[in-house]
Amino acid sequence: MNKKGIVLICLLALVAAAAICVLAEPAAAGKLEEAIAKTPVGMGTGEINPDAPKGFMGIPGAPQPFWFWGILWGIWVGWIFSTVGAFGGIMAGVGHISVFGLGDYAASFRKTSPVLNKLVTDSIRTSNQYLVGLSALMSSVTYYRMGRLVLPLGIALALGGIAGAYLIPVLTAGKISLKAYVGYFGLIVLVIGCFLFYDTTPKGQEKKKKAKAAAQAFQEAVKKGTSAGEVAAQGVQVKSWGFTRIEFSFYGVEFHFNPVWPVLGGFFIAALSAFIGVGGGFLYVPFLTSVTALPMYVVAGTSALAVFISMITSIFTFMFVKGTPIDFLFIGAELIGIATGSIVGPYTSKYIPDIWLKRLFVILAIYVGLGYTLRGFIDIRLPGI
């Protein structure tokens, strides 16, 4: 698939997203107006001043994120997700909760207007998923062209993910407060970060000889200046498909897996990801590197495909089934940045050693996870959180 094909697919995805916006907007707008009407009027904390300028989602007095900062943050989110196959949703959440001040705004209504508190929280969750969805689409297409996406594995994860991504929004939309959301968001990320930290130690690396050999072969090809076509030709080659065993190779190293486990893993990962409003890459990555023992160079693309399918399902459920409102003007600006960062990521990741891709993931996971755990449960804030 050439670059024009990638652009066409991404444009079609944006058109589909726009269609979801148009069809779901009336119900979501009505739900938001009802929540605003039940919120106390005034100029104090947790109140709405009808005369104040309209901000996020058209709410009077809400934060007004500047569109240009949205583009810049989108570039960062798109780059980090397309580089390591994870942390797009988490970084999107950091932006929406902390950088753009939506977290404190939602929290201000915790006592005065619980419905609005939870509605803004659900909007943050869904907005995160819009950003990750576009990045996942672009990343998976690019990595497939580069021979760095294990298609049957990505499909197996996605099949399990559809059920989880649908179930959780149905069960939790309108029921999660911002404080609880932030705390659980951080705790889950922190646990995964600690687990992957162990995975980067010499003892953790002992069990991944195949992944290390494949990663070294790929790195050597890049250092030699091998053409993009030759690199792709030596990339993922699926040898056999079966209900209990699928075999493939990457740079001459043979791998295999039972598709039943990715389907089950995909279900639980997508369910947990939908709960905290992220793409799930931060869970798919440790699953693929630890459970299936794959090198990071094929993990990012495979994770992206599974994330994309989960995001489509979750966004549809939040908006159509539960009527969650979205600020599409601001999200649109962020998506411009997402597209830019997602194009650059796959081409820069090949120059970063496999182990350092994982360490970058670990550093972000531990800091962000610790920060939001402290903020959500005991109201202590780390810089930038």
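Described below are features of the structure shown in this document. (Residues numbered from 1 in each chain as written. Predicted model: local features only at pLDDT ≥ 70, side-chain atom pairs only at ≥ 80, totals over all residues. Heavy atoms only, no water.)

Within the chain one finds 15 helices and three strands. Burial analysis of the chain (385 residues in total) assigns 56% to the buried set. Sequence-distant contacts in the chain: of pairs separated by 6 or more residues, those separated by 24 or more amount to 77%. Per element, the accessible surface of the chain, about 16,000 Å² overall, is 69% carbon and sulfur. (Helix = DSSP H or I, 4+ residues; strand = E, 2+ residues; numbered from the N terminus. Buried < 20%, exposed > 50% of the residue type's maximum accessible area, 1.4 Å probe, protein only. Contact = heavy atoms within 4.5 Å. Areas by Shrake-Rupley, 256 points an atom, 1.4 Å probe, with all protein chains shown as cover.)

Here the structure, examined in full by the defined rule, presents 14 aromatic pairs. Ring plane angle 80 degrees and centroid distance 5.2 Å describe the contact between F267 and F268, whose orientation is recorded as edge-to-face. Judged by relative accessible area, F267 falls into the partly exposed class, the value being 26%. Overall, F268 belongs to the exposed group, its relative accessible area being 58%. Here the aromatic residues F66, W67, F68 and W69 are joined through ring pairs into a cluster of three or more. (Phe/Tyr/Trp six-rings, centres within 6.5 Å; stacked < 30°, edge-to-face > 60°.)

Now for the sheet that holds strand β3 (residues 253-257). Ordered by their spatial adjacency, three strands build an open sheet running β1-β2-β3, and the pairing between neighbours is antiparallel. Both outer strands of the open sheet, β1 (237-240) and β3, are each paired with one neighbouring strand and no more. Each neighbouring strand pair of the sheet contributes to a mean axis angle of 30 degrees, computed without reference to strand direction. Where β1 lies against strand β2 (residues 246-250), three bridges are found, and the strand directions are antiparallel. If you follow V238 over to β2, its bridge partner there is F248. (Pairing = 2+ DSSP bridges. Axes fitted to C-alpha atoms, helices over the stretch in contact; angles between N-to-C directions.)

Here A213 shows up in helix α9 (residues 209-223). It is 7.3 Å that separates the C-alpha atoms of A213 and V253, two residues lying 40 residues apart in sequence.

What follows covers helix α5 (residues 114-145). The first and last C-alpha atoms of α5 sit 47 Å apart over 32 residues, in line with the 46 Å expected at 1.5 Å per residue. With 27 of 32 residues buried, α5 is to be regarded as a mostly interior element. Backbone geometry just downstream of α5 places G147 in the positive-phi region, at approximately 70 degrees. (Expected span 1.5 Å × (residues − 1).)

Turning our attention to unusual backbone geometry. Positioned with a positive phi, Y251 is a non-glycine residue whose angle comes to about 55 degrees. Tracing the backbone through its elements, the reader meets Y251 in the loop between β2 and β3. Positive phi is not limited to glycine here, since D379 has a value of about 60 degrees. With respect to the helices and strands, the residue D379 is situated in the segment after α15 (354-378).

Note on pairing: side chains with opposite charge can pair once their charged atoms come close. As enumerated under the stated definition, the model contains five salt bridges in all. K38 is the partner of E34 in a salt bridge, and the nearest nitrogen-oxygen pair spans 3.3 Å. By relative accessible area, E34 is classed as partly exposed at 45%. Looking at K38, the relative accessible area reads 60%, which means it is exposed. Its salt-bridge partner being R375, residue D104 comes within 3.0 Å of it at the nearest N-O pair. Of the two residues, D104 sits in helix α4 (residues 102-107) while R375 sits in helix α15, which places them 271 residues apart along the sequence. On the accessibility criterion, D104 (38% relative accessible area) is partly exposed. In this structure R375 comes out as buried when scored by relative accessible area, which is 6%. Among the ionic contacts, a cluster of salt bridges with common partners joins D104, R375 and R381. (Salt bridge = Lys/Arg side-chain N within 4 Å of Asp/Glu carboxyl O.)

Position of S108 among the secondary structure elements: in the loop between α4 and α5. Here Y105 takes part through its backbone oxygen, which lies 2.5 Å from a polar atom of the side chain of S108. Non-local contacts of S108, meaning those with residues more than four positions away in its chain, are made with T45 and G46. (Polar contact = N/O pair within 3.5 Å; in protein donor to acceptor, adjacent residues only side chain to side chain.)

Where helix α2 (residues 67-84) contacts helix α14 (residues 328-349), the axes come no closer than 6 Å and their chain directions differ by 35 degrees. As α2 packs across α14, the resulting crossing turns out to be right-handed. Of the residues that constitute the contact of α2 with α14, the class distribution is twelve nonpolar, twelve polar and one charged. (Left-handed = near helix turned anticlockwise from the far one by under 90°. Nonpolar A, V, L, I, M, F, W, Y, C, P; charged D, E, K, R; others polar.)

For the rest of this paragraph, the subject is α14. An α-helical segment advances 3.6 residues per turn. Residues three or four places apart therefore align on the same side. The first and last C-alpha atoms of α14 sit 30 Å apart over 22 residues, in line with the 32 Å expected at 1.5 Å per residue. Within α14, burial applies to F330, I331, A333, E334, L335, G337, I338, G341, S342, G345, P346 and S349.

By the secondary structure assignment, T39 is in the loop between α1 (3-37) and α2. For T39, a relative accessible area of 4% corresponds to the buried category. At a separation of 2.9 Å, a polar atom in the side chain of T39 contacts the side chain of S113. Those residues in contact with T39, other than ones at most four positions away along the chain, are G46, I48, F109, S113 and L116.

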